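# Structural overview
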Amino acid sequence: MALSERSPASDAGGPVRHVPVLLKEVLKYLDPKSGEVIVDGTFGAGGYSRALLEAGASVVGIDRDPDAIAGGQSLVDEAKGRLTLVPGQFADLDTHARDAGFEHVDGVVLDLGVSSMQLDQAERGFSFLRDGPLDMRMEQAGPSAADVVNRMPVKDLIRIIGLLGEEKRATTVAHAIDNARKEKPFERTAELSALIEKVLGRSPKKAQIHPATRTFQALRIYVNGELHQAARALGAAERILKPGGRLVLVSFHSLEDRIVKRFFQDRTKTRGGGSRHMPEEDVPPPTFELLTRKAVEAEEAETEANPRARSARLRAGRRTDAPARELDIHAAGVPRLAEFDGLGG
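Residues numbered from 1 in each chain as written. Predicted model: local features only at pLDDT ≥ 70, side-chain atom pairs only at ≥ 80, totals over all residues. Heavy atoms only, no water.

## Here's the deal with the overall build of the chain
Stated precisely, the cut-off is as follows: Numbering of helices and strands starts at the N terminus; helices are DSSP runs of H or I of at least 4 residues and strands are runs of E of at least 2. The cut-offs for exposure are 20% and 50% of the maximum accessible area for each residue type, with area from a 1.4 Å probe on protein chains only; residues under the lower value are buried, those over the upper are exposed, and the others partly exposed. The accessible surface values rely on the Shrake-Rupley method and a 1.4 Å probe; as for residues, cover is taken only from the protein chains in view.
Scanning the chain from terminus to terminus reveals 15 helices and 7 strands. Across the 345 residues in the chain, those meeting the buried criterion constitute 54%. Surface accessibility of the chain: about 16,000 Å² in total, with carbon and sulfur atoms responsible for 50%.

Below you can see the structure in the form of structure tokens.
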């Protein structure tokens, strides 16, 4: 069945804003075939799912954003039974796939970045470039970025901004936030962005990088538990993939990519360390074989057409027949952070 060239974004009455990153490479490593079942754990605007459907596969699309699920209903209709859309977190993708009737699947793909649709909507509060409520919640439920900024102890705010934003001046930013919130709680993205720009200034060498970039990244990752979600999703994919099934992940910053890299290093290891003084340690059978020896990056033509692709890194592996293992998310690189109304940990 041929699908139309429209996207969920255009069906919703607006321009097509989200371009799936590294689509050619995703399809190469997923290698979808007619009759196979693929989990698209980050459905978004349906870019990957549409291409998988065109290849003849059936798709279980998952997204925690209610807007994405609503926007994808037209593609569900076009797919005529081959696309199941599930509202939920991709960390639970194995449970979602089984609830949809699939005990095992042939592939899993995850785009770990925030959707450009979310960034483009000022009212979602993700972007420092567009004034809106200081929100950032992908699920549109639970504690918001404003809650964290206004109520998180300053010592914990320093750690969040420093670790998740990789902001070298996290202490300066956090204390500035603490002083300002005593006078008036933060409500808008522009308020927070202006404060950070005031205390950090703009570096002539980094004129194109807004001073608030790293702090906003840190808050978004923390509010949505993005690193916890990514690590748990790796374990879920290991459980649901059949032998020979392919796992493809696209990440957009070093924190995510480090988790994916460590996971594959651990799951493809065939020998323990050992030395002439110490015996080799026993390691369990590898659960994956690498399909990418190093991270795959976008070609120049794609980065020119879609600047978002510049920071994208793709890694992929093929499932073996070894049993799935327990996954320690902190050993995989997820930092331990202060809890806040169920966030962090």
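## What to know about the pattern of salt bridges
The condition is simple: By definition, a salt bridge exists where a carboxyl oxygen of Asp or Glu is found within 4 Å of a side-chain nitrogen of Lys or Arg.
Evaluated as defined, the whole model comprises 28 salt bridges. E36 is paired through a salt bridge with R246; the nearest N and O atoms lie 2.8 Å apart. Taken as a pair, E36 in the loop between α2 (23-30) and β1 (37-40) and R246 in strand β5 (residues 241-251) lie far apart in primary sequence, 210 residues in all. Judged by its relative accessible area of 8%, R246 falls in the buried class. Across the pair R325 and D266 runs a salt bridge whose closest N-O atoms are separated by 3.5 Å. Taken together, the residues R325 in the segment after β7 (313-319) and D266 in helix α14 (residues 254-267) connect sequence positions 59 residues apart. Judged by its relative accessible area of 31%, D266 falls in the partly exposed class. If you follow the salt bridges from partner to partner, you end up with D94, R98, E103 and R239 in one network.

## Considerations on the nonpolar core
The condition that has to hold: In this description, a nonpolar core means a group of buried Ala, Val, Leu, Ile, Met, Phe, Trp, Tyr and Cys residues linked to one another through side-chain atoms lying within 4.5 Å. Note on contacts: a residue pair qualifies if any of its non-hydrogen atoms lie within 4.5 Å across the two residues.
One finds V108 and L247 to be the most contacted residues of the largest nonpolar core, which totals 63 residues. Counting residues per element, this core draws most heavily on helix α13 (residues 226-240), at 8 residues. L247 has contacts with V108, L234, A237, L241, F263, F264, F288, R315, A316 and G317, leaving out every residue within four places of it along the chain. By size, the runner-up hydrophobic cluster in this structure holds 28 residues, among which are V26, L30, V248 and A312.

## Regarding the pairing of strand β2 (residues 58-63)
Quick reminder of the rule: DSSP-based pairing: two strands are paired if at least 2 bridges between them are found. Note on handedness: a crossover is taken as right-handed if, strands pointing away from the viewer, the path from the first strand over the helix to the second is clockwise.
Here β2 lies mainly inside the structure; 6 of its 6 residues are buried. With 4 bridges connecting them, β1 and β2 associate as parallel partners. What sits directly across from V39, in β2, is V60. In this region the chain leaves β1, passes through helix α3 (residues 47-54) and returns to the parallel neighbour β2; the handedness of that crossover is right-handed.

## Quick notes on the sheet that holds β2
Quick note on the threshold: With axes taken as lines fitted to C-alpha atoms, and helix axes fitted only over the stretch in contact, angles between N-to-C directions fall between 0 and 180 degrees.
Ordered by their spatial adjacency, 7 strands build an open sheet running β3-β2-β1-β4-β5-β7-β6, and the pairing between neighbours is mixed. This sheet does not close on itself; its edge strands, each paired only once, are β3 (83-87) and β6 (288-290). Along the sheet, successive strands turn relative to each other by an average axial angle of 20 degrees, direction set aside. The sheet contact formed by β2 and β3 spans 5 bridges and is parallel.

## Focus on the side chain of R246
Our working definition: In protein, a polar contact requires one atom able to donate a hydrogen and another able to accept it; more generally it is a pair of N or O atoms within 3.5 Å, and residues adjacent in sequence count only if both atoms are side-chain atoms.
Within polar-contact distance, the side chain of R246 engages the backbone oxygen of L30 at 2.8 Å. Setting aside residues no more than four positions away along its own chain, R246 makes contact with Y29, L30, D31, P32, E36, D106, G107, V108, L241, L291 and G317.

## Some details on the layout of surface pockets
Selection rule: A pocket here means an open set of points on a 1 Å grid, computed over the protein atoms alone, that has protein on both sides within 12 Å along at least five of seven lines. A cavity is instead a set of points where a 1.4 Å probe fits but cannot get out; residues with an atom within 4 Å of a point line either one. Grid points are joined across faces, edges and corners, and a volume is the space filled by probe spheres set on the points.
Approximately 320 Å³ is the volume found for the second largest pocket. Lining the second largest pocket are 25 residues; nearest its centre among them are Y222, V223, N224, G225 and L343. Those elements giving two or more residues to the lining of the second largest pocket turn out to be α12 (213-224) and α13. Considering every element that reaches the lining of the second largest pocket, the biggest residue donor is α13, with 5 residues.

## Quick look at the packing of aromatic side chains
Ring pairs (aromatic) are described by centroid distance and by the angle formed between their planes. Convention followed: Aromatic rings from Phe, Tyr and Trp, taking only the six-membered ring of Trp, are treated as a pair when their centres fall within 6.5 Å; an angle between ring planes under 30 degrees marks them as stacked, one over 60 as edge-to-face, and anything in between as tilted. Any Lys NZ or Arg CZ that is within 6 Å of a ring centre and within 35 degrees of that ring's normal is treated as a charge sitting over the ring.
Scanning the model with the defined rule gives 3 aromatic pairs in all. For the pair F263 and F288, a centre-to-centre distance of 5.7 Å together with 65 degrees between the ring planes defines the contact as edge-to-face. You can see F263 sitting in helix α14 and its partner F288 sitting in strand β6, a full 25 residues away along the chain. Overall, F263 belongs to the buried group, its relative accessible area being 2%. Classification of F288 as buried rests on a relative accessible area of 1%. Aromatic pair F264 and F288: ring centres 5.7 Å apart, planes at 80 degrees, arrangement edge-to-face. Linking F264 in helix α14 with F288 in strand β6, this pair joins segments that are 24 residues apart in sequence. Taken together, the aromatic side chains of F263, F264 and F288 make up a single cluster linked through ring pairs. If you follow R319 out to its NZ or CZ, it ends over the ring of F288, 5.9 Å from the centre.

## Description of α2
This is how it is decided: Read the arc as the range of directions from the helix axis to the C-beta atoms.
For α2, the complete set of buried residues consists of E25, V26, Y29 and L30. Angular distribution of buried residues about the axis of α2 spans 125 degrees; they occupy a single face of the element. Away from the buried face of α2 by more than 90 degrees, exposed residues K24 and K28 are located. In the core, the buried residues of α2 are packed alongside β1, α3, β4 (105-111), β5, α15 (300-305) and β7.

## Some remarks on the side chain of T292
Its place among the elements puts T292 in the loop between β6 and α15. The class of T292 is buried, set by a relative accessible area of 5%. Looking at T292, its side chain comes within polar contact range of the main-chain nitrogen of A316, at 2.9 Å. For T292, the contacting residues outside a window of four places in its chain are Y29, L314, R315 and A316.

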